Amino acid sequence: MKQSTTTWILTAVIIVLAVALAGVLVFVKNQPAQVRGIPALTVIQAMEPDSSKWGVNFPNQYSTFKLTEGNNTRSTYGGSNQFSHLEEDPRLTILFAGMAFSKDYNEDRGHMNALADVRATKRINEKTPGTCYSCKSSDNPALWTSMGMVEFDKTLFSDLSQHISNPIGCANCHEAETMRLVVTNPALDEALKAQGKDWTTFTRQEMRTVVCANCHVEYYFAGEGKYLTFPWSKGTNVDQIDAYYDETGFKDWEYPEALTPMIKMQHPEYEMFTAGSTHYNAGVACADCHMPYTRDGSAKFSTHDVKSPLINPDAACGACHTDVKYVTDRVGIIQKQVADTMSATEDALVAAIEAIKAASADSNADQTLLNEARTLHRKAQLRWDFVAAENSMGFHNPEEALRILAAATDMARQAQIIAMTATAK
Ligand code: HEC
Ligand code: HEC
Ligand code: HEC
Ligand code: HEC
């Protein structure tokens, strides 16, 4: 009898202690990072645009982040050297005739250069909307909060410039108080909601990919206000994006003399990677390859020197692959195959354009067939550009890249034949 009373008391004490401990843990977990033992040297204001202020608390992340400014190494198809794609492949001036990309199309560089590079590009003119700043500056989250995205987007680029002085920075990806990864771009928040998704419920590993989708996505400027919109409401693969643009009837420009209403793809790395790639299906995130863990003495942190993983493959691939040489050789083989296939697609597109131009100049041409040819031209180039504008030369999703290019070549050849038939009649 006595013994069982003691057991009861002991059990009760253990339960009380366990509940108290759980309570403390929940409390601590909900505290800001600073309180949790990450040294709080300085208090960082919400959406602080100046990355150097965050750098006081997180010197390793800040010092590696700054390296993105000076990177200048070129890889076979990418890297940080700002070479001109137009000089490398003159067919691009034909494919982009009548729009800004035929004037200036340089290879991308590191995050710290984003603001300088957008201000330097010849694609910007006096009519460019503020929307073009959306992916370039850590000033944006605060501006989107104070002025709202509607106002931000309809302000002219030249007028918005006075409010923007910082390149991409910590505030584009982190919430200052907790340091958790967040969706900062309202267009991404809206595009996810349109698909019934709530990013605040995503796992940490999912956020290590989704945070890049703040910018590395296909988008367009909707309506007079040039409102930044991701065409995702039907889904994010290329066919669903095509269907979206079909339904809205949107065009970025009209192809001169062929009169095709065209769509320019931006940089759909997120859409390509998440369309069932081997790595995505295996749970690998963008940050695994582009921000691998690094050591500085006893500190282990994510390098913020985001760049081509082919420049640091031991860190970028070595965490998961034992034979780093084998997998990087595979990248070369995959990229060459995609580049060769893409080249054949470009030839087919150029041939289609010539045929449609000729048919458009012929007043006796069958207009129904000619419009059919134009529709195929639009769809073929949208697909080709999805692969071309995606910056990994197919590596992010080799099967999908080759599937899309095969469809594009087929559509372009059909467009050519139909346009020729239109004039023959
Ligand atoms: C399995 C590793 C891996 C994952 C995961 C991955 N990438 Fe890549 N990424 C690469 C490789 C390899 C290249 C090709 C680099 C080259 O050609 O120099 C590349 C290229 C790029 C480039 C162009 C780099 C340059 O040098 O110009 C960008 C931008 C990019 N990736 C963004 C992303 C985004 C965003 C995600 C997630 C949606 C992602 N990557 C996921 C390995 C990866
Ligand atoms: C492009 C998005 C991006 C930017 C910009 C960015 N970070 Fe990060 N940061 C990440 C990602 C992704 C992780 C990995 C998070 C995880 O694993 O949960 C990370 C992790 C961190 C961590 C957690 C520890 C670690 O190293 O994994 C700290 C602290 C941090 N970043 C600080 C900064 C600071 C300071 C800046 C500005 C100088 C900055 N970050 C800019 C994406 C970004
Ligand atoms: C706020 C917008 C933004 C976010 C968020 C962002 N990027 Fe970028 N990223 C850019 C822009 C813009 C460029 C091109 C800058 C230039 O060319 O000046 C770029 C360039 C790159 C490059 C090419 C670097 C080089 O040296 O060639 C890679 C790789 C890359 N980003 C990967 C990522 C990954 C991975 C993430 C998520 C962890 C991410 N980015 C998040 C806007 C962003
Ligand atoms: C976070 C872990 C992780 C990282 C980092 C990683 N991989 Fe992988 N990789 C995987 C997994 C998992 C698979 C699938 C393995 C399987 O199914 O056999 C894979 C498969 C591959 C394959 C075979 C793909 C296929 O379709 O058969 C290649 C090639 C490859 N990785 C290259 C790379 C390269 C290059 C890098 C660095 C830029 C890299 N990986 C970084 C986890 C990773």
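This text goes with the structure placed above it.
Below is a summary of the structure that appears in this document. Computed from a predicted structure; not experimentally measured. (Residues numbered from 1 in each chain as written. Chains lettered and ligands numbered in written order. Predicted model: local features only at pLDDT ≥ 70, side-chain atom pairs only at ≥ 80, totals over all residues. Heavy atoms only, no water.)

**Here we look at the site of ligand 2**
To keep things clear, this is the line we draw: Whether a residue is near a molecule or strand is decided by its heavy atoms; if any one of them lies within 4 Å of it, the residue is near. Pairs of N or O atoms within 3.5 Å make up the polar contacts considered here, provided that, within protein, one atom can donate a hydrogen while the other can accept it, and that residues adjacent in sequence are counted only when both atoms are side-chain atoms. Comment: elements are numbered from the N terminus, with helices defined as DSSP H or I runs of at least four residues and strands as E runs of at least two. Nonpolar residues are Ala, Val, Leu, Ile, Met, Phe, Trp, Tyr, Cys and Pro. Charged residues are Asp, Glu, Lys and Arg, and all others, Gly as well, are polar.
Neighbouring residues of ligand 2: 18 residues in total, closest Cys170, Cys173, His174, Arg204 and His304. Within the side chain of histidine 304, one N or O atom sits 2.8 Å away from a nitrogen atom of ligand 2. Breaking the shell around ligand 2 down by element, the ones donating at least two residues are helix H3 (59-66), helix H11 (204-210) and strand S6 (299-302). For the shell around ligand 2, the class distribution of residues is 11 nonpolar, five polar and two charged.

**Comments concerning the site of ligand 3**
Within the structure, ligand 3 sits among 24 residues, and His111, Asp117, Cys212, Cys215 and His216 are positioned closest to it. A distance of 3.2 Å separates an oxygen atom of ligand 3 from a polar backbone atom of aspartate 108. For ligand 3, an oxygen atom lies 3.5 Å from a polar atom in the backbone of asparagine 113. Residue assignment for the shell around ligand 3 shows that the elements contributing at least two residues are helix H6 (114-120) and helix H15 (286-290). In the shell around ligand 3, the residues fall into 10 nonpolar, nine polar and five charged.

**Some words on the coordination of the iron atom of ligand 2**
Four donors placed tetrahedrally about a metal ideally form angles of 109.5 degrees, and six donors placed octahedrally ideally form angles of 90 or 180 degrees. Selection rule: Donor criterion used throughout: N, O or S atom within 2.8 Å of the metal, extended to 3.2 Å for Na, K and Ca. Water excluded; incomplete-looking sites may result. For four-coordinate sites, all angles between 85 and 135 degrees define a tetrahedron; for four- and six-coordinate sites, opposite donors beyond 155 degrees with the remaining angles between 65 and 115 define square planar and octahedral shapes respectively, and all other cases count as irregular.
For the iron atom of ligand 2, the protein coordination sphere consists of His174 (NE2) and His304 (NE2), at 2.0 Å. One can describe the donor arrangement at the iron atom of ligand 2 as octahedral, given that its six donor atoms subtend angles of 88 to 179° at the metal. A residue pair is termed long-range when its members are at least 10 positions apart, and histidine 174 in the loop between helix H9 (157-160) and helix H10 (186-194) and histidine 304 in the loop between S6 and helix H16 (313-318) qualify at 130 residues.

**Regarding the pattern of salt bridges**
What counts is decided by this rule: Criterion for a salt bridge: a side-chain nitrogen of Lys or Arg within 4 Å of a carboxyl oxygen of Asp or Glu. For each residue, the accessible area found with a 1.4 Å probe, counting protein chains only, is set against the maximum for its type, and the residue is called buried under 20%, exposed over 50%, and partly exposed in between.
Applying the stated criterion to the full structure yields 21 salt bridges. As a salt-bridge pair, aspartate 329 and lysine 325 come within 2.6 Å of each other at their nearest N and O atoms. Taken together, the residues span about one helical turn, with aspartate 329 and lysine 325 both in helix H17 (residues 324-361) at a distance of four residues. According to the relative accessible area criterion, aspartate 329 is partly exposed, its value standing at 39%. Within the structure, one salt-bridge network assembled from shared partners comprises Asp239, Asp242, Asp246, Lys379, Arg383, Glu400 and Arg403.

**Overview of the coordination of the iron atom of ligand 4**
On the protein side, the iron atom of ligand 4 has His279 (NE2) and His321 (NE2) as donor atoms, found 1.9 to 2.0 Å from it. Every donor counted, the six donor atoms about the iron atom of ligand 4 form angles of 86 to 179° at the centre, which fits octahedral coordination. Linking histidine 279 in helix H14 (residues 278-281) with histidine 321 in the loop between H16 and H17, this pair joins segments that are 42 residues apart in sequence. The exposure class assigned to histidine 279 is partly exposed, which follows from its relative accessible area of 26%. Taking relative accessible area as the criterion, histidine 321 reaches 32% and is therefore assigned partly exposed.

**Focus: unusual backbone geometry**
Phi at lysine 226 takes a positive value of approximately 55°, unusual for a residue other than glycine. Here lysine 226 lies in the loop between strand S1 (220-222) and strand S2 (227-229). Taking relative accessible area as the criterion, lysine 226 reaches 36% and is therefore assigned partly exposed. Positive phi, close to 45°, is recorded for methionine 393, a residue that is not glycine. The topology assignment puts methionine 393 in the loop between helix H18 (367-389) and helix H19 (398-424).

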